[in-house]
Amino acid sequence: MRIRVPATSANLGPGFDSCGIALSLYLTIAVKEESESWEIEHSLGDEIPSDESNLIIKTALEVLPSLKPHKLKMTSEIPLTRGLGSSSSAIVAGIELANRLGELNLSTQEKVEIATKIEGHPDNVAPAICGDFVVASFLENDEKDQVKYVKHYFPECELLAFIPTSELLTSESRGVLPTTLSFKEAVQASAIANVMIAALIQGNLPLAGKMMEKDHWHEKYRARLVSHLSKVQEICKKNQAYGSFLSGAGPTVIILTSEEKSQSIQDQLQQLDPQAKVEALSIDQEGVQVF
Ligand code: HSE
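We now turn to the structure provided with this report. (Residues numbered from 1 in each chain as written. Predicted model: local features only at pLDDT ≥ 70, side-chain atom pairs only at ≥ 80, totals over all residues. Heavy atoms only, no water.)

**A word on the packing of helix α1 (residues 55-63) against helix α2 (residues 86-101)**
Stated precisely, the cut-off is as follows: Lines fitted to the C-alpha atoms define the axes, with helices restricted to the stretch that makes contact. Angles between their N-to-C directions range from 0 to 180 degrees. A run of H or I in DSSP counts as a helix once it spans at least four residues, and a run of E counts as a strand once it spans at least two, with each numbered from the N terminus. In these notes the angle categories are as follows: under 35 degrees is roughly parallel, over 145 is roughly antiparallel, 65 to 115 is roughly perpendicular, and the rest is oblique. Each crossing gets its handedness from the near helix: less than a right angle anticlockwise from the far helix is left-handed, clockwise is right-handed. Only heavy atoms matter for contacts: two residues are in contact if any of them lie within 4.5 Å across the pair. For this scheme, ten residues count as nonpolar: Ala, Val, Leu, Ile, Met, Phe, Trp, Tyr, Cys and Pro. Four count as charged, namely Asp, Glu, Lys and Arg, and the remainder, Gly too, count as polar.
Between α1 and α2, the shortest axis-to-axis distance is 7 Å and the interhelical angle comes to 45°. It follows from the interaxial angle that α1 and α2 lie oblique. Considering the relative orientation of α1 and α2, their crossing is right-handed. Facing L55, I56, T59, A60 and V63 of α1, the residues of α2 in contact are S87, A90, I91, A93, G94, I95, L97 and A98. Of the residues contributing to the contact of α1 with α2, the split by class is 10 nonpolar, 3 polar and no charged.

So, in structure tokens, the structure goes:
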């Protein structure tokens, strides 16, 4: 059995902690034979544990502590600590591992709930489970309606990822956010997000892209941690891309553009930072898959 989970990009600018898309980069685990103890083979180096303390196995055991140990092999195209949902993909892989080995028959809603509670917000885990574009809420104190989500088709366009070599921990990137916003600013921030989501649902990429760049929740506070953000935005403006946004907590930036402008934008982004990875990605429409 193989479990495949897509990378994700959260926030889409003003959809902070709520919106996300699934992308065509994957974490795959091959489930092998039962064993004395859990073992996970991978080539990601010593920082990623190979035993029960690995996030995939830890998550699976949290879902079902009685799971019998197995040997696993993990391969991943998702860069770590770059804002592309690598830890969410591991959490989702762990939930699916427990679901299949333990024959739990979890519904999508149950998977999204479990993953959101483990991760703390739904914007990466929900699209990793459902695929495509997901808008979600996590109301921690609401007993009945804690986690809600809506999946929708993301309009067709070119998605470029500008992935710098530098890493950025989510904790550091959340650490620069304010603890309060004024009522007036929160109302504006919410209105911008509402129009961005409505425009995406309507397939109006020029308007969606414009609103993505007007975020009031987080990007301006994070800008000092991601010095390339304004330069990438400049290239996007100059080339009339639809829009760009900081992917999750950063430092990756995602650019939405038409196909005809894509190559020239890619070339300019690569010139901006020859060490950075500039990748043309597409939307993953399926979410987690088991083969
Ligand atoms: N919404 C989260 C953030 C995504 O921007 O901090 C990263 O986990």
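Next comes the rest of the write-up.
**A closer look at the site of the ligand**
Our working rule: Near, as used in this document, describes a residue that has one of its heavy atoms within 4 Å of the molecule or strand being considered. Pairing of N or O atoms within 3.5 Å defines a polar contact, subject to two protein rules: one partner must be a possible hydrogen donor and the other a possible acceptor, and residues neighboring in sequence count only if both atoms are side-chain atoms. Only the protein chains shown count as cover for residues, with accessible areas throughout obtained via the Shrake-Rupley method and a probe of 1.4 Å. Definitions used throughout: a 1 Å grid over protein atoms alone; a cavity as a set of points that fits a 1.4 Å probe which cannot get out; a pocket as an open set with protein on both sides within 12 Å along at least five of seven lines; a lining residue as one with an atom within 4 Å of a point. Being in a pocket or cavity means that more than half of the molecule's atoms lie within 2 Å of its grid points.
Close to the ligand lie N11, F16, D17, E119, H121, D123, N124, T170, R174, R222, G248 and A249. Contact distances for the ligand include 2.6 Å between an oxygen atom and a side-chain N or O atom of R174. About the coverage of the ligand: the protein hides 97% of its 260 Å² of free accessible area. Comparing atom positions with the cavity grids shows the ligand to sit within the largest pocket. Looking at the shell around the ligand, the elements with two or more residues in it are α4 (122-130) and α5 (170-175). Tallied by class, residues from the shell around the ligand come to 2 nonpolar, 5 polar and 5 charged.

**Concerning the layout of surface pockets**
Using the following cut-off: Grid points are joined across faces, edges and corners, and a volume is the space filled by probe spheres set on the points.
Its boundaries defined by the atoms lining it, the largest pocket holds a volume of some 840 Å³. As for the largest pocket, its lining consists of 43 residues, of which L80, T81, G85, S86 and S87 are closest to the centre. For the lining of the largest pocket, the secondary-structure elements that each account for two or more residues are α1, β4 (70-76), α2, α4, α5 and β10 (277-281). Considered class by class, the residues forming the lining of the largest pocket number 17 nonpolar, 15 polar and 11 charged. By volume, the second largest pocket amounts to about 150 Å³. Lining of the second largest pocket is provided by D17, S18, G120, H121, P122, A136, S137, F138 and L139. For the lining of the second largest pocket, the leading source of residues is strand β5 (residues 133-138), giving 3 residues. Tallied by class, the residues present in the lining of the second largest pocket amount to 4 nonpolar, 4 polar and 1 charged.

**Quick word on the nonpolar core**
What counts, and what does not: By nonpolar core we mean a set of buried residues, namely Ala, Val, Leu, Ile, Met, Phe, Trp, Tyr and Cys, connected to one another through side-chain atoms within 4.5 Å. Throughout this description, buried means an accessible area under 20% of the type-specific maximum (1.4 Å probe, protein chains only), exposed means over 50%, and partly exposed covers the range between.
Within the largest apolar cluster, 62 residues are counted, with the highest numbers of intra-cluster contacts made by L12, I21, I56, L97, F154, L159 and L200. Contact partners of L97, with chain neighbours within four places excluded, come to I3, I29, V31, W38, I56, A60, L72 and G102. Counting residues in each nonpolar core, the second largest holds 16 residues, with V226, I235, C236 and V278 among its members.

**As for α2**
Heads up, the condition is: By this rule, a helix spans an expected 1.5 Å times one less than how many residues it contains.
Along its 16 residues, α2 runs 22 Å from first to last C-alpha, staying within 8% of the 22 Å computed at 1.5 Å per residue. Most of α2 sits out of view: 13 of its 16 residues are buried. Two residues or fewer past α2, E103 is found with a positive phi of approximately 45°.

**Re helix α9 (residues 228-238)**
Selection criterion: The arc refers to the directions leading from the helix axis to the C-beta atoms.
Taken residue by residue, α9 has H228, L229, V232, I235 and C236 as its buried positions. Each buried residue of α9 sits inside an arc of 125° when the element is viewed along its axis, so together they form one side. Exposed side of α9, more than 90 degrees from the buried face: E234, K237 and K238 are the residues found there. Among the structural elements, β7 (158-163), α8 (219-222), β8 (243-246), β9 (253-257) and α10 (259-272) are those in contact with the buried residues of α9. A positive phi of about 55° marks Q240, the residue just after α9.

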